[in-house]
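# Structural overview
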Amino acid sequence: QVQLLESGGGLMQAGASLSLSCEVSGRSISAFNMGWFRQAPGKEREFVSAISLSGRSTYYRDSVKGRFTISRDNAKSTVYLQMNDLKPEDAAVYYCAADVWRDYCSFNTYEYDYWGQGTQVSVSS
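Keep in mind that what you see is a predicted model, and the values were worked out from it rather than measured. (Residues numbered from 1 in each chain as written. Predicted model: local features only at pLDDT ≥ 70, side-chain atom pairs only at ≥ 80, totals over all residues. Heavy atoms only, no water.)

Moving on: the sheet that holds strand β3 (residues 18-25). The strand order β1-β3-β8-β7 describes an open sheet built from four strands, whose pairing is antiparallel. Single-partner strands in this sheet number two, and they are β1 (3-7) and β7 (68-73). Between one strand axis and the next, the sheet turns by 15 degrees as a mean value, whatever way the strands run. Both β3 and strand β8 (residues 78-83) contribute to a ladder of six bridges, which runs antiparallel. The partner of Cys 22 across the bridge, within β8, is Val 79. (Pairing = 2+ DSSP bridges. Helix = DSSP H or I, 4+ residues; strand = E, 2+ residues; numbered from the N terminus. Axes fitted to C-alpha atoms, helices over the stretch in contact; angles between N-to-C directions.)

To continue, consider the pattern of salt bridges. Pairing of side chains with opposite charge becomes possible as their charged atoms draw close. Within the structure shown, the criterion is met by eight salt bridges. Ionic pairing is found between Asp 99 and Arg 102, a salt bridge with its closest N-O pair at 3.2 Å. Taking the relative accessible area as the measure of exposure, Asp 99 reaches 0% and is therefore buried. For Arg 102, a relative accessible area of 22% puts it in the partly exposed group. (Salt bridge = Lys/Arg side-chain N within 4 Å of Asp/Glu carboxyl O. Buried < 20%, exposed > 50% of the residue type's maximum accessible area, 1.4 Å probe, protein only.)

Met 34, Trp 36, Phe 68, Leu 81, Met 83 and Tyr 94 are the most contacted members of the largest nonpolar core, which has 27 residues in total. Secondary structure elements with two or more residues in this core: β3, β4 (33-39), β5 (46-51), β7, β8, β9 (92-99) and β11 (119-124). Once residues lying within four places of it in the same chain are set aside, the contact partners of Tyr 94 are Glu 6, Leu 20, Trp 36, Phe 37, Arg 38, Val 48, Phe 68, Leu 81, Met 83, Gly 118, Thr 119 and Val 121. In this structure, Phe 47, Ala 50, Ala 97 and Cys 105 belong to the second largest nonpolar core, which totals six residues. (Core = buried A, V, L, I, M, F, W, Y, C linked by side-chain atoms within 4.5 Å. Contact = heavy atoms within 4.5 Å.)

This paragraph deals with the environment of Gly 118. Mapped onto the elements, Gly 118 comes out in the loop between β10 (114-115) and β11. Taking C-alpha positions, Gly 118 is 9.3 Å from Gln 39, a pair spaced 79 residues apart along the chain. Residues contacting Gly 118, with those up to four places away along its chain left out, are Glu 6, Val 93, Tyr 94 and Tyr 95.

Further remarks concern the state of the cysteines. Going through the model one piece at a time under the given rule, you end up with one disulfide. Disulfide partner of Cys 22: Cys 96, at an S-S distance of 1.9 Å. Residues Cys 22 and Cys 96 are joined through a disulfide that is right-handed, its torsion about the S-S bond being 45 degrees. Note that Cys 22 is positioned in strand β3 and Cys 96 in strand β9, a separation of 74 residues in sequence. Cys 22 gets classed as buried once you look at its relative accessible area, which sits at 0%. A relative accessible area of 0% places Cys 96 in the buried class. Unpaired in this structure, Cys 105 has its nearest cysteine sulfur neighbour in Cys 96, at a distance of 14 Å. (Disulfide = S-S within 2.5 Å.)

Following the criterion strictly, the structure yields eight aromatic pairs and no others. Three or more aromatic residues joined by ring pairs make a cluster, and in this case those are Phe 37, Phe 47, Tyr 59, Tyr 95, Phe 107, Tyr 112 and Trp 115. Geometry around Tyr 95 places Arg 45 over its ring, the cationic atom sitting 3.6 Å from the centre. For the cation-ring pair, Arg 45 lies above Trp 115, with the distance from its terminal atom to the ring centre recorded as 4.9 Å. (Phe/Tyr/Trp six-rings, centres within 6.5 Å; stacked < 30°, edge-to-face > 60°. Lys NZ or Arg CZ within 6 Å of the ring centre and 35° of its normal.)

Next up, the structure:
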């Protein structure tokens, strides 16, 4: 059974940095394109970033480009999201997700097969 476990969330001040991790178990992470999504209260879950199987291709939503960096370490079965210069609008529950079927990185929640339980990121202004 595939399981994803996020960690690293917390309460930060605007401008600070935070790193999230997502450990995958139950199947080799190298089989998955991986994504990070977030959901703020009262809003739909939205795409944040994605990384291809090999890690050579990465994608970001416009509002986090230049501030967030996604990476993966297949040997550690872990994907990371480094978040710099946090803004109050980045506050949300962050979820990692794994897609086993597609040969491209999807920006859509419905195209991901496995999800973590989420980790809360709060940003004070």
